[in-house]
Amino acid sequence: MEASQNGERDDTPLSRAWRRVKDEARLLHVDVTVAALCDSAVAWLGVAGASVLVSTGPGRQEVRVATDDLAAVLAEIEVTVGEGPVRSARELQSPVLVGDFDAAEQTRRWPLYAPLAVQAGVHAQFVLPLRVGLVDVGTVVFHRKAPVPLEPVLLADALAYGELMLLLLLDEQGGVAGDEPMNLSLRAAQVHQATGMVAAQLDIGLDDAFAALRARAFAEQRPLSELAADVVSRRFRFELEGGT
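Source: prediction; values computed, not measured.

Caption draft 1: Structural context of the pairing of strand E2 (residues 60-66). Relative to E2, strand E1 (residues 49-57) runs antiparallel, the two sharing 6 bridges. The residue bridging Val52 from the neighbouring strand is Val65, located in E2.

Encoded structure:
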């Protein structure tokens, strides 16, 4: 993680974010968790707050971590009015970056949500979907009280924090949390590839295949990424009931 294959220090945004979070956790004598990632991201990105929502079923998400009351309020507003940046990011499967909810473009896009967000005290919101292939794992949401867009130079860092949150959520879903992510740039892709292979092996959809992969990892008390590596390398194969 700290060095590339040619022996040089890995200096990608993802690796820098991971080192930063590890150092902060070490100073505070705490584990690296999704909550710790949110706190680090808030400080580094200069936003007022952050939240992580996890998918609980088709079209449903619940707040897993919120750094402040406003983060939870924004999630509640979206559920109430049925529209907003989180819903849009999930539908588009791409980031939604809003610099000013008072702008005419945003009030047209979300006529109910935008004025309620402003009324609650939030003028800017930056939403990153957390996905593995077609599988919706969750969403990370950052917000600012002032109408200040996310600076382009910070977007790569925001995406890196989002990927770290995704990797930790996948580990937790696999029944093992707290391990240092290894080969971070490949893990999400490997889980994606394994999900597709499980879908073919069991003749099921991707969502069901991901659930089967996660359930097996949980049952064996091992990281999801480790099981995915075994599936991709063909050391482990899912079999239909009654199969050999």
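Caption draft 2: Molecular detail of helix H4 (residues 85-92). Listing the buried residues of H4 in full gives Pro85, Val86, Ser88, Ala89 and Arg90. In the segment just after H4, Gln93 is the residue with positive phi, at about 60°.

Caption draft 3: Representation of helix H2 (residues 34-45) within the structure. Look at H2: 16 Å from first C-alpha to last across 12 residues, which is about the 16 Å you get at 1.5 Å a residue. Of the residues making up H2, those classed as buried are Val34, Ala36, Leu37, Cys38, Ser40, Ala41, Val42 and Leu45. A positive phi of about 70° marks Gly46, the residue just after H2.

Caption draft 4: Highlighting the environment of Val135. Counting through the fold element by element, Val135 comes out in strand E5 (residues 135-144). Along the primary structure Val135 and Ser55 are separated by 80 residues, whereas in three dimensions their C-alpha atoms are 9.6 Å apart. The residues touching Val135, leaving out its near neighbours within four places in the chain, are Leu130, Thr195, Leu206, Asp207 and Phe210.

Caption draft 5: Highlighting the pairing of E1. Summarising the sheet, E1 and E5 pair through 6 bridges and their orientation is antiparallel. Bridge assignment links Ser51 to a residue of E5, and that residue is Val141. A loop of 2 residues connects E1 with E2, the two strands running antiparallel in sequence, and Gly59 in this loop sits at a positive phi of about 75°.

Scoring rules and cut-offs
Residues numbered from 1 in each chain as written. Predicted model: local features only at pLDDT ≥ 70, side-chain atom pairs only at ≥ 80, totals over all residues. Heavy atoms only, no water. Pairing = 2+ DSSP bridges. Helix = DSSP H or I, 4+ residues; strand = E, 2+ residues; numbered from the N terminus. Buried < 20%, exposed > 50% of the residue type's maximum accessible area, 1.4 Å probe, protein only. Expected span 1.5 Å × (residues − 1). Contact = heavy atoms within 4.5 Å.

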